[in-house]
Amino acid sequence: MPAPVPPLPSPQLAAVEDAPSEQPVSGAGHRLRLTLLMAGSCLPILGAVLIAPVLPRMRDHFAGTPGVEALVPMALTIPALSLALLAPFAGIVVDRLGRKRLLVIATALYAVVGTSPLWLDSLGAIVAGRALVGVVEAAIMTCCTTLIGDYYSGRQRDRYLAMQTMCASISATAFFVLGGAAGSAGWRTPFWAYAVSLLLAPAMAAFLPRPRPTGNTTAPSPVAPTAPSPAVLPEPARRPFPWRPLAGTCALTVFGAVLFYTVQVEMAFLLDDMGVTDPGMIGLAIAASSLATVLGAVVFTRLGRTPDAWLPVVFALCALGFAVIWLAPGPVVLTVGAMINCFGGGIMLPSLLTLALSKLDYADRGRGTGLWTGSFFIGQFICPLVVLALTSAVGSLTGALGVLALAGSVGAVALGLARRRRVPLTAG
C-alpha cells in the first residue's frame, strides 16, 4: 500500500489514484441521486441565511429578555459554530455508522430541531435548538460531500463538487428572499421551511444506493494469485490516515474561507460607508457578487485544471479583488472588486475540496471530509472577527481589506513557488 501522499499531489499522482474507478456515471438514477445530494447540501445554507431578515422582529418579540442583543444574533450564527466544531466528529461517525444511514437520520432530525422555534417561547431554548441545527447540519454536509466522493471519480467528481458551490451560492440568495417574504407573516413563519427535509429523508432512503469501497482500500494483495489457499490470503494493508497532508489542506481552507467570506459579510457596510443606503441597491451588488461565485464554479468544471494548478491563481484573484475594493473611488468599482474576489472564491472552494478528497481512501473519506468541512466553517465563523481586529489595527474597513489583499498575495506567491518545486520532482 502506498504511504501517505504528500501535500498538494501532482496531477500525475492524482490521475494514478483515480484511475481504477474512473467510470463516468449516467442515467435517470444518477440524476435523481445527484439531485438529492445537492438538495441535502443546500440544507446548511438554509440554516445560515433563512432567518436573517426576521432578526429585528425576533429582537422586538424578546425585548424584555436579558441579553437579547447578543442572543438574537447568536440564533443566526451558532449553527455555523456547531457545524465547524462537530463536523470532524461527524466524519468519524460517517465512517463507522455508514454514510447513507447517518444522512437519512440527520435529514429527518433536521426538520425536528429546525422547526423547534415554532413552539418554543424561551429565547435561550431557541438558541439551544439552533445549536442542535448545527449538529445535524454537520452530519448532513459531511455525508453529502462524502457520498459525492464515493459515487463519482475523476473529472466527474470535480464537476459535482463545483456544483455544490454553485448550488450553495444560488440557494443562499433564494433562501434570503424566501425568509424575507415569509417573515412578513411573522418572525416564526420562516422556520416552517425546515420541514422540507421530511420530504428529502424518505427519498434519500429509497433512492440513494449504499456506496461500495473502491480503489486502493479494496485492491487485492499482489501475492493473491500464488497463495496456496484462500484461507491464508493476507489482508490488504491499510495506509495510515494522511494527517500531515490533510492538515496543510485544512489550514489553507481556513485561510481561504476568510478570504472568501469577507466580501459577503462586509459588502453592505462597505457600500454604506460610500453613502449607498438603499437596500435594493445593496441587494443588487450582493447578487452580482454571488453570480460571480457561480461563474467561478462553472469555470472550474469547464477548464479541468488540477487543484494545485488553480490555487495560486485563485488566491491571486481574491487578493486582486480586495485591492480593487481597497482603492475603489465609488460603489461601482467596489462592486467590480467584489465580483473579482468572489469569482476567485468560486474556483477556490471546489479546488480545496477536490484536493482534500484526493488524499483519502474510502475508509477514511468521512473523517477527512468532516475535517475539511469543519475547517471551512471555522474560517467562516472567524471571518468577522479577523476583519474586526484588522479594522481596529489599521483604522478603517477598507484598510483591513488592503491587509487581506497583501495576505492573499503572499499566499498566492507561496503556493506558486511550492508548485514549481514539485513539478521538477515529479518530472524526475
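Thresholds, definitions, all that
Residues numbered from 1 in each chain as written. Predicted model: local features only at pLDDT ≥ 70, side-chain atom pairs only at ≥ 80, totals over all residues. Heavy atoms only, no water. Helix = DSSP H or I, 4+ residues; strand = E, 2+ residues; numbered from the N terminus. Buried < 20%, exposed > 50% of the residue type's maximum accessible area, 1.4 Å probe, protein only. Contact = heavy atoms within 4.5 Å. Polar contact = N/O pair within 3.5 Å; in protein donor to acceptor, adjacent residues only side chain to side chain. Salt bridge = Lys/Arg side-chain N within 4 Å of Asp/Glu carboxyl O. Expected span 1.5 Å × (residues − 1). Lys, Arg positive; Asp, Glu negative; His and termini not counted. Core = buried A, V, L, I, M, F, W, Y, C linked by side-chain atoms within 4.5 Å. pLDDT = per-residue confidence, 0-100. Phe/Tyr/Trp six-rings, centres within 6.5 Å; stacked < 30°, edge-to-face > 60°. Lys NZ or Arg CZ within 6 Å of the ring centre and 35° of its normal. Axes fitted to C-alpha atoms, helices over the stretch in contact; angles between N-to-C directions. Parallel < 35°, antiparallel > 145°, perpendicular 65-115°, else oblique. Nonpolar A, V, L, I, M, F, W, Y, C, P; charged D, E, K, R; others polar. Left-handed = near helix turned anticlockwise from the far one by under 90°. Bend = angle between axes of the 7 residues up to and from the residue. Patch = residues over 30% accessible without salt bridge, like charges linked within 9 Å, V, L, I, M, F, W, Y side chains within 5 Å. Areas by Shrake-Rupley, 256 points an atom, 1.4 Å probe, with all protein chains shown as cover. Disulfide = S-S within 2.5 Å.

**Q** What's the story with the overall build of the protein chain in this structure? I'm lost.
**A** Counting its regular elements, the protein chain contains 14 helices and zero strands. When the elements of the protein chain are put in sequence order from the N terminus, they spell out α-α-α-α-α-α-α-α-α-α-α-α-α-α. Expressed as a percentage of the 428 residues in the protein chain, the buried residues total 50%. Considering only residue pairs separated by 6 or more positions, the protein chain has 85% of its internal contacts joining residues 24 or more positions apart.

**Q** Just to check I follow, could you spell out the side chain of Thr146 for this structure?
**A** Along the chain, Thr146 falls in helix H6 (residues 123-151). A distance of 2.6 Å separates a polar atom in the side chain of Thr146 from the backbone oxygen of Thr142. In this structure, Thr146 is in contact with Val94, Arg99, Arg365, Gly366 and Thr369, ignoring residues within four places of it in sequence.

**Q** Teacher, can you tell me more about the pattern of salt bridges here?
**A** A side chain of one charge can pair with a side chain of the opposite charge if their charged atoms are brought near each other. Scanning the model with the defined rule gives six salt bridges in all. Among the ionic pairs, Asp121 bridges to Arg188, the shortest N-O distance being 3.2 Å. With Asp121 in the loop between helix H5 (99-114) and H6 and Arg188 in the loop between helix H7 (154-183) and helix H8 (197-207), this pair connects stretches of sequence that are 67 residues apart. Residues joined in a network through salt bridges with shared partners are Asp95, Arg99, Asp150 and Arg365.

**Q** Looking at this model, I keep getting lost on H5. Mind explaining?
**A** Because each turn of an α-helix spans 3.6 residues, side chains separated by three or four positions in sequence point in the same direction. Between the first and last C-alpha of H5 there are 21 Å, a value that for 16 residues agrees with the 22 Å anticipated at 1.5 Å per step. Among the residues of H5, Arg99, Lys100, Leu102, Leu103, Val104, Ala106, Thr107, Tyr110, Ala111, Val113 and Gly114 are the ones counted as buried.

**Q** Quick question: what am I supposed to make of the side chain of Glu137 here?
**A** Mapped onto the elements of the fold, Glu137 is located in helix H6. Notably, Glu137 is buried but unbridged: the nearest opposite-charge side chain belongs to Arg130, and the N-O separation is 6.2 Å. Sequence-distant contacts of Glu137, defined by excluding residues within four places in its chain, comprise Leu43, Pro44, Gly47, Pro79, Leu83 and Tyr110.

**Q** Got a minute to help me understand the nonpolar core in this structure?
**A** Core analysis: the biggest nonpolar cluster contains 110 residues, and Leu37, Met58, Leu103, Tyr110, Leu208, Leu311 and Phe315 have the highest contact counts within it. For this core, the element with the most residues is H6, which contributes 14 residues. Beyond its immediate sequence surroundings of up to four residues, Phe315 is in contact with Leu252, Phe255, Gly256, Leu259, Met348, Gly408, Ala412 and Leu415.

**Q** How should the confidence of the model for the protein chain be read in this particular structure?
**A** It should be kept in mind that the predicted coordinates are not to be read in detail where pLDDT is low. This prediction gives the protein chain a mean pLDDT of 81; 85% of its residues lie at or above 70. Averaged pLDDT values for the elements of the protein chain fall to 38 in helix H1 (residues 11-18) and rise to 95 in H8. Within the model, the stretch residues 1-21 combines pLDDT values under 50 with 40 contacts to residues more than four positions away or in other chains. Here residues 216-236 is a poorly scored stretch, pLDDT under 50, and it has twelve contacts once near neighbours within four places are set aside; other chains count.

**Q** How should I be thinking about the environment of Ser116 in this particular structure?
**A** Within the element layout of this structure, Ser116 appears in the loop between H5 and H6. For the pair Ser116 and Gly129, spaced 13 residues apart in sequence, the C-alpha separation works out to 6.6 Å. A polar contact of 2.7 Å, which involves the side chain of Ser116, links it to the backbone oxygen of Val113.

**Q** How should I be thinking about the packing of aromatic side chains in this particular structure?
**A** Aromatic ring pairs: the centre-centre distance and the angle between the two ring planes describe each pair. Per the counting criterion, the structure on display carries eleven aromatic pairs. With 5.3 Å between their ring centres and 50 degrees between their planes, Tyr110 and Tyr194 make a pair best called tilted. Residue Tyr110 is located in helix H5, and its partner Tyr194 is located in the loop between H7 and H8; the two are separated by 84 residues in the primary sequence. Seen from the ring of Tyr151, Arg33 lies directly overhead, with NZ or CZ sitting 4.5 Å from the centre. The positively charged end of Arg305 is found above the aromatic ring belonging to Trp310, 4.9 Å away from the centroid.

**Q** Before we go on, may I ask you to explain the packing of helix H4 (residues 68-97) against helix H13 (residues 365-394) in this structure?
**A** Pairs of packed helices are described in terms of their axes, by the angle between the two and the distance that separates them. In the contact formed by H4 and H13, the axes pass within 7 Å of each other and the chain directions differ by 175 degrees. In this view, H4 runs roughly antiparallel relative to H13, as classed from their interaxial angle. Residue-level contacts link Ala80, Leu81, Leu83, Ala84, Ala87, Pro88, Gly91, Ile92, Val94 and Asp95 of H4 to Arg365, Gly366, Arg367, Gly370, Leu371, Thr373, Gly374, Phe377, Ile378, Gln380 and Phe381 of H13. Across the contact of H4 with H13, the residue classes tally to twelve nonpolar, six polar and three charged.

**Q** Could you clarify how one ought to interpret the packing of H5 against H6 in this entry?
**A** Two elements in contact, H5 and H6, have axes whose closest approach is 9 Å; the angle formed by their N-to-C orientations is 150 degrees. Judged by the inter-axis angle, H5 sits roughly antiparallel to H6. As H5 runs across H6, the sense of the crossing is left-handed. Mapping the contact onto sequence places Arg99, Leu102, Leu103, Ala106, Thr107, Leu109, Tyr110, Val113 and Gly114 in H5 and Gly129, Leu132, Val133, Val136, Glu137, Ala139, Ile140, Cys143, Cys144, Thr146, Leu147 and Asp150 in H6.

**Q** Before we go on, may I ask you to explain helix H9 (residues 243-273) in this structure?
**A** With 31 residues, H9 extends 44 Å between its outermost C-alpha atoms, agreeing within 8% with the 45 Å of an ideal straight helix rising 1.5 Å per residue. The largest bend along H9 reaches roughly 55 degrees and is located at Glu266. Note on H9: the residue one or two positions beyond its end, Gly275, has a positive phi of about 90 degrees.

**Q** In this structure, what is going on with a nonpolar patch on the surface? I would like to understand it.
**A** Together, Leu85, Leu86, Phe89, Ile92, Leu132 and Val135 line one region of the surface with nonpolar side chains, adding up to about 500 Å² of accessible area. Counting residues per element, the ones that place at least two in the nonpolar patch are H4 and H6. For the nonpolar patch, the element with the highest residue contribution is H4, accounting for four residues.

**Q** How should I be thinking about the state of the cysteines in this particular structure?
**A** Should the sulfur atoms of two cysteines be covalently bonded, the bond is a disulfide. A full pass over the atoms with the stated rule returns zero disulfides. With no disulfide partner, Cys42 has as its closest neighbouring cysteine sulfur the one in Cys167, 5.0 Å distant.

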